[in-house]
Amino acid sequence: MDLIPYHPLDNTGKTIPLLGFGTAEFPFAASSQKIKESILEAIKLGYRHFDSAALYQTEQHLGEAIEEALNLGLIKSRDELFITTKLWCSDAHHDRVLPALQKALKKLKLEYVNLFLIHLPVSMRPPVEQDHGLPGKNDILTIDIKSVWEDMEECQKLGFAKSIGVSNFSCVKLEQLLATANIPPTVNQVEMNPLWRQKELREFCKVKGIHITAFSPLGAKGTLWGSNWVLDCEVLKQIANENQKTVAQVCLRWAYEQGVSVLVKSFNKERMKENLDIFDWKLTTEESNKIGQIPQRKGFPGIEFISEDGPYKSLQELWDGEI
């Protein structure tokens, strides 16, 4: 019996686990053995969705963990897992998308991923050598979303990705994509937590049939841009105390009740267990209303992608005012 509920992704019978395990660690690829061991522990505990990306440099460690999980009998088949990876900006060019996914599959030791996402609505100059780092100001380019998405569609048609989607896309950028897409994006993975609720974007995606996956549901403490804003929020602390839960559990339960899937990242075994304990209790209407009145505060600004000479000269342009 699955510990984690699933949600339908589209009309083809595909589903996504509503709680997933993130693999990004800062600095990226700092501890490969720790990442692999944590993924194995997560599989033991019941996690089935694992989120990776070229940027995180964790695809190889995830692949090794999947291989070991199969050898140990923790899972009977790779098909029990839902694996996501993402196209980095330096590969967001026509004719670079399919090779990038094939490289990812080689690292993952898989024949397909369940979900392949465009990481950001940005392109970068392809590096002379293989590199998935953050951009310099002169590297940022306008993404040709029509041609890049055509290549994403080809990845799905070839069976290398069961579903395709995007990450960090605003309503405006989704509209631009949908205007020419033959296969609409299945998922938009975005920052979402009680301090950044994304109500307008969620409503837009619901109408368009795009599922939302929430990253940084606890505020991304420990990342380059994360903070304690969410975990230190007094409203959330009060609700947690009243329910004898942690603030993290309140945040994850709130996101689950919004109908989105959520990615959590902790390599601490006890917190990994705690994060699973969100499905057999509910927030009251009063508690949900209190959360709905917490002042909004975006965590991930994306300042690295702002440049006077690039496509986005301000954060307002990058997020189309959704900030």
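Refer to the structure above for everything that follows.
Note that the coordinates shown come from a computational prediction; the quantities given were computed from them, not determined experimentally.

> Is there a simple way to think about helix α8 (residues 247-257) in this case?
Given 3.6 residues per turn, any residue in an α-helix points the same way as the ones three and four places further on. Within α8, nine of the 11 residues are buried, which leaves it mostly tucked inside the rest of the structure. By the burial criterion, the buried members of α8 are Val 247, Ala 248, Gln 249, Val 250, Cys 251, Leu 252, Arg 253, Trp 254 and Ala 255. Gly 259 occupies a position one or two residues after α8 and carries a positive phi of about 85°.

> Would you mind showing me how to read the nonpolar core here?
Where a protein is soluble and globular, its nonpolar side chains tend to be buried together. Residues Tyr 47, Phe 50, Ile 83, Leu 87, Phe 116, Ile 118 and Leu 236 are the most contacted members of the largest nonpolar core, which totals 74 residues. Filtering out sequence-adjacent residues up to four positions away, Ile 118 remains in contact with Leu 87, Ile 143, Ile 145, Val 148, Trp 149, Met 152, Gly 165, Val 166, Ser 167 and Phe 169. Core analysis: the second largest hydrophobic core is formed by 17 residues, Val 122, Met 124, Phe 300 and Phe 305 among them.

> Just to check I follow, could you spell out the packing of helix α3 (residues 97-108) against helix α4 (residues 145-157) for this structure?
For any two helices packed against each other, the geometry is given by the interaxial angle and the distance between the axes. At a minimum axis distance of 8 Å, the contact between α3 and α4 shows a crossing angle of 45°. Classified by the angle between their axes, α3 and α4 sit oblique to one another. For the pair α3 and α4, the contacting residues are Val 97, Leu 98 and Leu 101 in the first and Val 148, Asp 151, Met 152 and Cys 155 in the second. Residues that form the contact of α3 with α4 fall into these classes: six nonpolar, no polar and one charged.

> Looking at this structure, how should I read the side chain of His 49?
Within the secondary structure, His 49 sits in strand β4 (residues 49-51). Polar contacts involving the side chain of His 49 include one to the side chain of Thr 84, which spans 2.9 Å. Those residues in contact with His 49, other than ones at most four positions away along the chain, are Ile 16, Pro 17, Leu 19, Gly 20, Phe 21, Phe 82, Thr 84 and Leu 263.

> Help me understand the sheet that holds strand β3 (residues 19-22), please; the structure alone is not making it clear to me.
Strand order in the closed barrel formed by eight strands is β3-β4-β5-β6-β9-β10-β11-β12, with parallel pairing between adjacent strands. Going across the sheet, the axis of each strand differs from the next one's by a mean of 30°, ignoring polarity. Pairing between strand β5 (residues 82-87) and strand β6 (residues 113-118): four bridges, direction parallel. Bridging across to β6, Thr 85 finds its partner in Phe 116.

> What am I meant to see in the pairing of strand β10 (residues 187-191) here?
In the case of a regular strand, side chains alternate between the two sheet surfaces. Most of β10 sits out of view: five of its five residues are buried. In this sheet, β10 lies alongside strand β9 (residues 161-167) in parallel orientation, the contact comprising two bridges. By the bridge assignment, Ser 167 is partnered in β10 with Gln 189. Crossover β9 to β10 through helix α5 (residues 171-178) is right-handed.

What counts and what doesn't
Residues numbered from 1 in each chain as written. Predicted model: local features only at pLDDT ≥ 70, side-chain atom pairs only at ≥ 80, totals over all residues. Heavy atoms only, no water. Buried < 20%, exposed > 50% of the residue type's maximum accessible area, 1.4 Å probe, protein only. Helix = DSSP H or I, 4+ residues; strand = E, 2+ residues; numbered from the N terminus. Core = buried A, V, L, I, M, F, W, Y, C linked by side-chain atoms within 4.5 Å. Contact = heavy atoms within 4.5 Å. Axes fitted to C-alpha atoms, helices over the stretch in contact; angles between N-to-C directions. Parallel < 35°, antiparallel > 145°, perpendicular 65-115°, else oblique. Nonpolar A, V, L, I, M, F, W, Y, C, P; charged D, E, K, R; others polar. Polar contact = N/O pair within 3.5 Å; in protein donor to acceptor, adjacent residues only side chain to side chain. Pairing = 2+ DSSP bridges. Right-handed = clockwise from strand over helix to strand, strands pointing away.

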